[in-house]
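Residues per chain, in single letters:
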Amino acid sequence: SFRYEKSRQFHISVFMAIIIVIIILSLLTIRQNNEMKVKENVLKAVLNSSKSPETAKNTDDTFTDSSFEEKQTQETTAKKIKVYICGEINNAGVYELSENTRIVDLIEIAGGVKEDAYLDSINLAEILIDSQKVYIPSKKEASALNINNEFANSESRVSQARIININLAGKNELELLPGIGPELAQRIIDYRNSKGFFKRKEDLKNVTGIGDKKFNAIKDLITV
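Nothing here was measured: the structure is a model prediction, and the numbers come from that model.

Participant: I tried to follow empty space enclosed by the protein on my own but got confused; where do I start?
Facilitator: Space left empty within the atom packing is revealed by a probe, the size of a water molecule, rolled over the atoms. This structure, assessed with the given rule, holds 1 cavity of 30 Å³ or more. The calculated volume of the largest cavity comes to roughly 30 Å³. Taken together, Ile 103, Ser 121, Ile 122, Asn 123, Glu 126, Ile 189, Arg 192 and Asn 193 make up the lining of the largest cavity. For the lining of the largest cavity, the element with the highest residue contribution is helix α6 (residues 182-195), accounting for 3 residues. The class makeup of the residues in the lining of the largest cavity is 3 nonpolar, 3 polar and 2 charged.

In structure tokens:
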């Protein structure tokens, strides 16, 4: 009986010791897991803080690039004009061009002029505007109006006789006339391109903005 009691106590002691060891190991394992989680959280926080400025910068760059591209597209769209060219031109029609395009560029885009074209009456360096019509006359039309090559240089003619040929003068020359500003000079050119050459000086009164008073002020300074 004594031996049995001793054996039972021994087994109970061993069992309790095992339970205590298991509890201690469990607590150590839980503590280690908690410490590892804390370290992982700290590491993630550090990594996120280091990436955030770069991410924000990339986001700002993307926004900036997008805004720039949108603005550039709007500017490009806003700088387009449409003009109509006809007469002695190989490919007459309406063309979409960039702002500040000149008549000489339009003629090239439209395939060049025909053999019978008379270009001396046109200011090839003139800058086009939206909805403008450019008419290329023929040599026959020029001949019918008694326009000869010797009068092709309007600036030379103005300097010698102070008389401006309203069928040949460019915008700058027309502005030399009293009471003719940039807008009215452009109207004269647009009318000439649309209707053809003026057959007589009085036809200038068909241009919007030129009445009898303004015509009488310049009639002695112009010719056809």
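Following the structure, the description resumes.
Participant: Help me out: how do you make sense of the environment of Ile 81 in this one?
Facilitator: By the element assignment, Ile 81 lies in strand β1 (residues 80-87). Along the chain, Ile 81 and Asp 130 lie 49 residues apart, while their C-alpha atoms are 4.7 Å from each other. Residues contacting Ile 81, with those up to four places away along its chain left out, are Tyr 95, Glu 96, Leu 97, Ser 98, Glu 99, Leu 128, Ile 129 and Asp 130.

Participant: Whenever I open this one, the pairing of strand β3 (residues 133-136) confuses me. Can you help?
Facilitator: Each regular strand displays side chains that alternate between the two surfaces of the sheet. Residues of β3 alternate between two faces, with Val 134 and Ile 136 buried on one and Lys 133 and Tyr 135 left unburied on the opposite face. The pairing of β1 with β3 spans 4 bridges and is classified as parallel. Within β3, the residue paired with Cys 86 across the bridge is Tyr 135.

Parameters and conventions
- All chains use their own residue numbering, which begins from 1 and follows the written sequence.
- Reporting of local features is limited, given that this is a predicted model, to residues whose pLDDT is at least 70; pairs of side-chain atoms are given and counted only at 80 or more, and all residues count toward the totals for whole chains, interfaces and linings.
- For the side-chain quantities, the full set of heavy atoms in the structure was used; hydrogens and water were omitted.
- Here a cavity denotes a set of grid points, spaced 1 Å apart and computed over the protein atoms alone, in which a 1.4 Å probe fits but from which it cannot get out, and a pocket denotes an open set meeting protein on both sides within 12 Å along at least five of seven lines; residues with an atom within 4 Å of a point are reported as lining.
- Grid points are joined across faces, edges and corners, and a volume is the space filled by probe spheres set on the points.
- Comment: elements are numbered from the N terminus, with helices defined as DSSP H or I runs of at least four residues and strands as E runs of at least two.
- Under the convention adopted here, Pro, Cys and the residues Ala, Val, Leu, Ile, Met, Phe, Trp and Tyr are nonpolar, Asp, Glu, Lys and Arg are charged, and Gly plus all remaining residues are polar.
- Any two residues whose heavy atoms approach within 4.5 Å at even a single point are treated as in contact.
- Only protein chains enter the accessibility calculation, which uses a 1.4 Å probe. A residue is then buried if its area is under 20% of the maximum for its type, exposed if over 50%, and partly exposed in between.
- A pair of strands is labelled paired if DSSP reports no fewer than 2 bridges between them.

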